[in-house]
Amino acid sequence: MGSGQNWKKAGGFKVYRSGERKNALRIEIRQAALFLKMLCALILLVAVEYFLCGIYYRPLRQSDLLELDLGSALAAAVLCYWVSRKLMRDALEERIPFYVVAGLFLLFIFLAGGFFRFSAQLANGLLDFSNPEVYRIVVAEKKVSLFGGSLQEGPNPVAHMVYFGDWDNGNGNCELLLPPAAYYLVDPGGPLDIAVRPGFFHMAWLQAFQLVQAQVPQDVGGN
């Protein structure tokens, strides 16, 4: 058998000095443990923030929601790449399958994106000390979605959404997440009163809502 250097040039395994591989393995294990701890912390934080956001801290304008989602996804991708790029390179060198590394990286991005999204959403409402303004909007459409509900309404809830035009100019599209009990009392074309705050990041959010009862003529059913 040739020397270690010739073996390395021939494409064999990398040769380590005595104790070098052991120390390198310890560093890799510590890095992997740190990565797993960060994943667990992100899962816990996202779950808590998702519960706290509920109905009332959610931005109303769809344009604000789109910007918030895109910004959170971009920030998460940059942060995750910066934090885990060396760990991913080491994992690939250790012959860990690429789909495993890619799957963990995408999971990390998904959780970090949720953390940024809900953190910005909570900060937009909690740091907004302005006075609310009340508007009467007209419901244009209703829809029930399997995703996006509030955990405050129970475990694994569906999202009960109503859609309406922007209260400022009527051109922009807005959406409102309602509790199921209120959702089934609102009809398309019916009115709904909402108390809105502008938001710390200028993303209008819902502070409260009130159903508008239909006016019954006084002579109906009377004597």
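Up top is the structure.
Thresholds, definitions, all that
Residues numbered from 1 in each chain as written. Predicted model: local features only at pLDDT ≥ 70, side-chain atom pairs only at ≥ 80, totals over all residues. Heavy atoms only, no water. Phe/Tyr/Trp six-rings, centres within 6.5 Å; stacked < 30°, edge-to-face > 60°. Helix = DSSP H or I, 4+ residues; strand = E, 2+ residues; numbered from the N terminus. Buried < 20%, exposed > 50% of the residue type's maximum accessible area, 1.4 Å probe, protein only. Lys NZ or Arg CZ within 6 Å of the ring centre and 35° of its normal. Salt bridge = Lys/Arg side-chain N within 4 Å of Asp/Glu carboxyl O. Expected span 1.5 Å × (residues − 1). Bend = angle between axes of the 7 residues up to and from the residue. Pairing = 2+ DSSP bridges. Axes fitted to C-alpha atoms, helices over the stretch in contact; angles between N-to-C directions. Left-handed = near helix turned anticlockwise from the far one by under 90°. Nonpolar A, V, L, I, M, F, W, Y, C, P; charged D, E, K, R; others polar.

### Notes on the packing of aromatic side chains
- According to the stated counting rule, one finds 7 aromatic pairs in the structure shown.
- Ring centres of Tyr50 and Phe118 lie 5.5 Å apart, and the angle between their planes is 55°; on these two criteria the pair is classed as tilted. In this pair, Tyr50 sits in helix α2 (residues 20-53) while Phe118 sits in helix α4 (residues 98-126), placing the two residues 68 residues apart along the sequence.
- With relative accessibility at 25%, the residue Tyr50 sits in the partly exposed group.
- Exposure remark for Phe118: the relative accessible area of 14% places this residue in the buried category.
- Arranged with centres 5.1 Å apart and planes meeting at 75°, the rings of Phe200 and Phe201 form a pair that is edge-to-face.
- Under the relative-accessibility criterion, Phe200 is labelled partly exposed at 42%.
- Exposure remark for Phe201: the relative accessible area of 40% places this residue in the partly exposed category.
- The cationic tip of Lys142 hangs over the ring face of Tyr183; the distance from NZ or CZ to the ring centre is 4.3 Å.

### Here we look at the pattern of salt bridges
- Inspection of every chain in the model, using the stated rule, returns 5 salt bridges.
- Between Arg58 and Glu175 there is a salt bridge; the shortest N-O distance is 2.7 Å. Separated by 117 residues along the polypeptide, Arg58 in the loop between α2 and α3 (62-93) and Glu175 in strand β4 (residues 173-178) bring together distant segments of the chain. Glu175 matches Arg58 in its accessibility class, with the two residues each being buried.
- A salt bridge links Asp193 to Arg136, with the shortest nitrogen-to-oxygen separation between them at 2.8 Å. With Asp193 in strand β5 (residues 191-197) and Arg136 in strand β1 (residues 133-138), the pair connects residues that are 57 residues apart, well separated along the chain.
- Given a relative accessible area of 15%, Asp193 falls into the buried group.
- Residue classification places Arg136 among the exposed positions, given a relative accessible area of 55%.
- Here the salt bridges share partners, and the residues they tie into one network are Arg61, Asp166 and Asp168.

### Notes on α3
- In this model, α3 (32 residues) spans 44 Å end to end at C-alpha, consistent with the 46 Å of a helix rising 1.5 Å per residue.
- Taken as a whole, α3 carries its principal kink of about 55° at Ser84.
- Those residues of α3 that fall on the buried side of the exposure criterion are Asp64, Leu65, Leu68, Ser72, Ala76, Cys80, Ser84, Leu87, Met88, Asp90 and Ala91.
- One or two steps after α3, the chain reaches Arg95, where phi turns positive at roughly 65°.

### Quick notes on the sheet that holds strand β3 (residues 159-165)
- Across the sheet, which stays open at both edges, the 3 strands sit in the order β2-β3-β4 with antiparallel pairing between neighbours. Where the open sheet ends on each side, the last strands, each with one partner, are β2 (141-145) and β4. When strand polarity is set aside, the average angle formed by the axes of neighbouring strands in this sheet is 30°.
- In this structure, β2 lies alongside β3, joined through 5 bridges in antiparallel fashion. Looking at β3, one finds that Lys143 is bridged to Met161.

### Some words on the sheet that holds β1
- Taken together, the 3 strands give an open sheet; going across it, the order is β1-β5-β6, and neighbouring strands pair in antiparallel fashion. The sheet is open, and its two borders are formed by β1 and β6 (205-211), each paired with just one other strand. Ignoring which end each strand starts from, the neighbouring axes of this sheet average 30° apart.
- Pairing analysis gives 6 bridges linking β5 to β6, with the strands arranged antiparallel. Note that in β6 the partner of Arg197 across the bridge is Trp205.

### A few points about the environment of Ala41
- One can find Ala41 in helix α2.
- Sequence separation between Ala41 and Leu111 is 70 residues; the distance between their C-alpha atoms is 9.7 Å.

### Some points on the packing of α3 against α4
- Two elements in contact, α3 and α4, have axes whose closest approach is 7 Å; the angle formed by their N-to-C orientations is 145°. Read as a crossing pair, α3 and α4 show a hand that is right-handed.
- The residue makeup of the contact of α3 with α4, split by class, is 20 nonpolar, 4 polar and 2 charged.

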